[in-house]
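Read off the chains here:
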Amino acid sequence: MKKLKRIPLSVLTAALAGLVSAGVLLGVAQLAGVWFRPAASPLVALGAAFIDFTPTWLKNFAVETFGTADKTVLFIAMGVVTAVLACLVGLLARRRWTWGAAAVILLGAVVGTAVITRAGAGVLDLIPTAAGTLAGLASLRLLERRIPEAGEIRTATAAAGPDVTVAPAASGTPTRRSFFAAAGLLAVTAAVVGAGGTALAGLRNSVEDFRKALRLPSPFRKAEPLPAGVHAPVDGVVPFVTPNADFYRIDTALAVPRVDPQTWQLRVHGMVEEEFTMSFQELLDSELLESYVTLTCVSNPVGGDLAGNAKWLGYPLAKVLERARPLPGSDMVLSTSVDGFSASTPLEVLRDGRDALLAVGMNGEPLPLDHGFPVRMVVPGLYGFVSATKWVVDLEVTRFQDKTAYWTDRGWSERAPIKTASRIEAPRPFARVPAGKVAVGGTAWAQQRGIERVEVQVDDGRWQEAELAAEATVDTWRQWSFSWQAEPGQHYLRVRSYDAVDGLQTDERADPIPNGASGWHSISVTVEP
Ligand SMILES: Nc1nc2c(c(=O)[nH]1)N[C@H]1C(S)=C(S)[C@@H](COP(=O)(O)O)O[C@H]1N2
Ligand SMILES: [Mo]
């Protein structure tokens, strides 16, 4: 008791300041780490590096002694070492702030080295450690300034009498109280932030694991096999089926929502005779169909690449509506995602026989997380913002006059069928090509109507018919090619298409807002002699 009394309070608080700041560092890094690979989390990276550097005999000893608890023991040991180091840093900072700060940065650098030397690590993986180190520094600074002065303690202790080690709060100096308040607040924050981060990371990983292990049922109705010759025979034209990894991604989500399929539910309600909810398993047990559909974003400029074609697997929305039995007067389905995005889709579009789907599969695998796992909507013929809700959880049958959707509230149209479009993909704009035969090619789309004809114009010459690749369905894009006898000089190439319902694509230039760009795509190329 006598000994303990002689450790000055300022030393204890300095060590505590170091400890709390280490907690803040780890907590913040843990939370930031949710958006990165698990190996970007300081504790995981340090542990992994430690395991790598452990000599084999020690590893064997650990496994023999602790069995499967060896990793727990490792983490506990790391915790103890971290705590001791943190106390020392706190004392150092008390001596001289710059020393303490330098020590924190040094430790941050050690952790950073552990992170960056992991296999497959990228520079971005340093962000959680950097964020944590900054937060730890700030916390240490905050606390270090509140450490009670040695002089104050002596007077405070003296006033309280020789037998009281720590004076009760009432007789504590304002500095001391403010130190403990700040330290307590920071410790709680660190714990909450760290626990939240760990929980989020766990959810994220479990959703990813679930997706990886998921085997989709085989379709009740398979897609028609693609006809031979859907690809234009020209280098530089996009693949007919867009690989998932290359599929454009558009959404308002800062962090991709992690939706657990085991708790996912679709609520169907509103102006219907029967309201109900559907689970993921129920959906998988239903008669799923497969269909190739080209999605297009309304923000795609003329010639742009915000379009992709995939084979989707899903349950017809018409069937969902058949069960719900919409009431007379309803004319819209408002679909809402788990993150609050919403889209207004005309009711009749979902019931007119097209392959409008509650999709669970994309090109033979479960939807990627980015593309709406576990369930999204896919509606042929409508731009994504009025139809393609990812991470969908709610379908409300309603009326356009009663409800509006996310982008409609921000100046975009409430209805938006996809406009007929065509683009040149090869050669690239401003390419230099050798004179002679040049292979020109690209893609055109008019979902629900189908592309019938594509024409190409060189400079101000006459419009010439391009060769059409085979059509898969009216809901997929169609490729085309054109053999150009190119003369040296600078030239313009222009493309336009005809759909099977409305004929020639309009040359009227329109901006994407409010319901999609229009106009003919043209590029400039230089032909070298
Ligand atoms: N939840 C959610 N779903 C969404 C969006 C969104 O922002 N949030 N964007 C829509 C838009 S504008 C488009 S073009 C398509 C894009 O789908 P993709 O990212 O799979 O290509 O998703 C639609 N679904
Ligand atoms: Mo979009």
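Residues numbered from 1 in each chain as written. Chains lettered and ligands numbered in written order. Predicted model: local features only at pLDDT ≥ 70, side-chain atom pairs only at ≥ 80, totals over all residues. Heavy atoms only, no water.

Considerations on the site of ligand 1
- Close contacts around ligand 1 come from 18 residues, with Y248, T252, H371, R376 and K390 the closest.
- Take Y248: an N or O atom from its main chain is 2.6 Å from an oxygen atom of ligand 1.
- The contact in question runs from an oxygen atom of ligand 1 to an N or O atom on the backbone of T252, over 2.8 Å.
- Taking 530 Å² as the accessible area of ligand 1 by itself, protein coverage stands at 99%.
- Partitioning the shell around ligand 1 into residue classes produces 8 nonpolar, 5 polar and 5 charged. (Near = heavy atom within 4 Å. Polar contact = N/O pair within 3.5 Å; in protein donor to acceptor, adjacent residues only side chain to side chain. Areas by Shrake-Rupley, 256 points an atom, 1.4 Å probe, with all protein chains shown as cover. Nonpolar A, V, L, I, M, F, W, Y, C, P; charged D, E, K, R; others polar.)

So, the domain arrangement of the protein
- Taken as a whole, the protein is organised into domain 1 (5-158 + 172-204), domain 2 (244-410) and domain 3 (421-528).
- Distance from the C-alpha centre of domain 1 to the C-alpha centre of domain 2: 45 Å. (Domains from an automatic or database assignment.)

Remarks on the UniProt feature "transmembrane region" (unreviewed entry) in the protein
- Under the UniProt annotation, "transmembrane region" (unreviewed entry) lies at residues 71-92, 99-120, 126-143 and 179-203.
- As annotated, residues 126-143 comprises 94% helix and 0% strand, and the C-alpha atoms at either end are separated by 26 Å. (UniProt positions renumbered as here; feature names shortened; annotations may be inferred. Helix = DSSP H or I, 4+ residues; strand = E, 2+ residues; numbered from the N terminus.)

Section: the sheet that holds strand β11 (residues 421-426)
- Strand order in the open sheet formed by 4 strands is β11-β13-β17-β16, and the pairing between neighbours is antiparallel. Two strands in the sheet have a free side with no partner beyond their single neighbour: β11 and β16 (467-468).
- The pairing of β16 with strand β17 (residues 478-486) spans 2 bridges and is antiparallel. Looking at β17, one finds that E467 is bridged to S481. (Pairing = 2+ DSSP bridges.)

Considering the UniProt feature "domain: Oxidoreductase molybdopterin-binding" (unreviewed entry) in the protein
- Sites flagged by UniProt as "domain: Oxidoreductase molybdopterin-binding" (unreviewed entry) map to residues 254-406.
- Along residues 254-406 the backbone is 12% helical and 37% strand, and the end-to-end C-alpha distance reaches 16 Å.

A closer look at the packing of aromatic side chains
- Here the structure, examined in full by the defined rule, presents 10 aromatic pairs.
- On the numbers, 5.0 Å between centres and 80° between planes, the contact of Y406 with W407 is edge-to-face.
- Judged by relative accessible area, which is 27%, W407 ranks as partly exposed.
- Ring geometry for W407 against W412: centres 6.4 Å apart, planes inclined by 70°, an arrangement best described as edge-to-face.
- Here W412 falls in the buried class, since its relative accessible area comes to 16%.
- Site record: aromatic cluster; members linked through ring pairs are F341, F385, Y406, W407 and W412.
- The ring of Y498 has R453 lying over it, and the distance from NZ or CZ to the ring centre is 5.7 Å.
- Taking the ring centre of W463 as reference, the NZ or CZ of R496 above it sits at 4.1 Å. (Phe/Tyr/Trp six-rings, centres within 6.5 Å; stacked < 30°, edge-to-face > 60°. Buried < 20%, exposed > 50% of the residue type's maximum accessible area, 1.4 Å probe, protein only. Lys NZ or Arg CZ within 6 Å of the ring centre and 35° of its normal.)

What to know about helix α3 (residues 42-53)
- Counted at 1.5 Å a residue, the expected span for α3 with its 12 residues is 16 Å, and the 16 Å between its end C-alpha atoms agrees.
- Three or more residues of α3 are buried, namely P42, A45, G47 and A49.
- Elements that come into contact with the buried residues of α3 comprise α2 (9-32), α5 (70-95), α6 (97-116) and α7 (127-144). (Expected span 1.5 Å × (residues − 1). Contact = heavy atoms within 4.5 Å.)

Side note on the nonpolar core
- W312, L358 and L395 are the most contacted members of the largest nonpolar core, which totals 66 residues.
- When residues of this core are assigned to domains, at least three fall in each of domain 2 (244-410) and domain 3 (421-528).
- Beyond its immediate sequence surroundings of up to four residues, L358 is in contact with L266, L283, L313, G314, Y315, L317, V320, V375, R376, M377 and V392. (Core = buried A, V, L, I, M, F, W, Y, C linked by side-chain atoms within 4.5 Å.)

Describing the side chain of T296
- If you trace the backbone, T296 turns up in strand β3 (residues 289-296).
- Dropping the residues within four chain positions of it, T296 is found in contact with Y248, L306, A307, Y383, G384, I418, W445 and Q447.

Points about the packing of α3 against α5
- Two elements in contact, α3 and α5, have axes separated by 11 Å at closest approach and are oriented at 110°. With respect to α5, the element α3 is oriented roughly perpendicular. Counting all contacts with α3, which are made through L43, L46, G47, F50 and I51, the residues of α5 involved are K71, L74, F75 and M78.
- Here the residues of the contact of α3 with α5 sort into 7 nonpolar, 1 polar and 1 charged. (Axes fitted to C-alpha atoms, helices over the stretch in contact; angles between N-to-C directions. Parallel < 35°, antiparallel > 145°, perpendicular 65-115°, else oblique.)

Looking at the sheet that holds strand β6 (residues 342-346)
- Reading across from one edge, β2-β1-β10-β5-β6 is the order of the 5 strands in this open sheet, with mixed pairing throughout. Every interior strand has two partners, whereas the edge strands, β2 (276-279) and β6, have only one. Across the sheet, the mean angle separating the axes of adjacent strands is 20° when strand polarity is ignored.
- Note that strand β1 (residues 265-270) and strand β10 (residues 392-398) share 4 bridges and pair parallel. Note on β10: the bridge partner recorded for R267 is D394.

Let's talk about the pattern of salt bridges
- Evaluated as defined, the whole model comprises 22 salt bridges.
- The partner of K403 in a salt bridge is E396, and the shortest N-O contact between them spans 2.8 Å.
- Its relative accessible area of 16% is what places E396 among the buried residues.
- As a salt-bridge pair, E528 and R432 come within 2.9 Å of each other at their nearest N and O atoms. Residue E528 is located in strand β20 (residues 521-528), and its partner R432 is located in strand β12 (residues 432-434); the two are separated by 96 residues in the primary sequence. (Salt bridge = Lys/Arg side-chain N within 4 Å of Asp/Glu carboxyl O.)

Section: the environment of A130
- With respect to the helices and strands, A130 occurs in helix α7.
- Considering only alpha carbons, one finds A130 and T56, 74 residues apart in sequence, at a separation of 32 Å.

What to know about empty space enclosed by the protein
- Counted by the stated rule, this structure contains 1 cavity of 30 Å³ or more.
- Computed from the structure, the largest cavity encloses a volume of approximately 170 Å³.
- Taken together, 21 residues make up the lining of the largest cavity; nearest its centre are N300, P301, V302, A421 and A517.
- Tallying contributions element by element places β11 first for the lining of the largest cavity, with 3 residues.
- Class assignment for the residues of the lining of the largest cavity results in 8 nonpolar, 11 polar and 2 charged.
- Split by domain, the residues of the lining of the largest cavity number at least three in each of domain 2 (244-410) and domain 3 (421-528). (1 Å grid on protein atoms, 1.4 Å probe; cavity = no way out; pocket = protein on both sides within 12 Å on 5 of 7 lines; lining within 4 Å. Points joined across faces, edges and corners; volume = space filled by probe spheres on them.)

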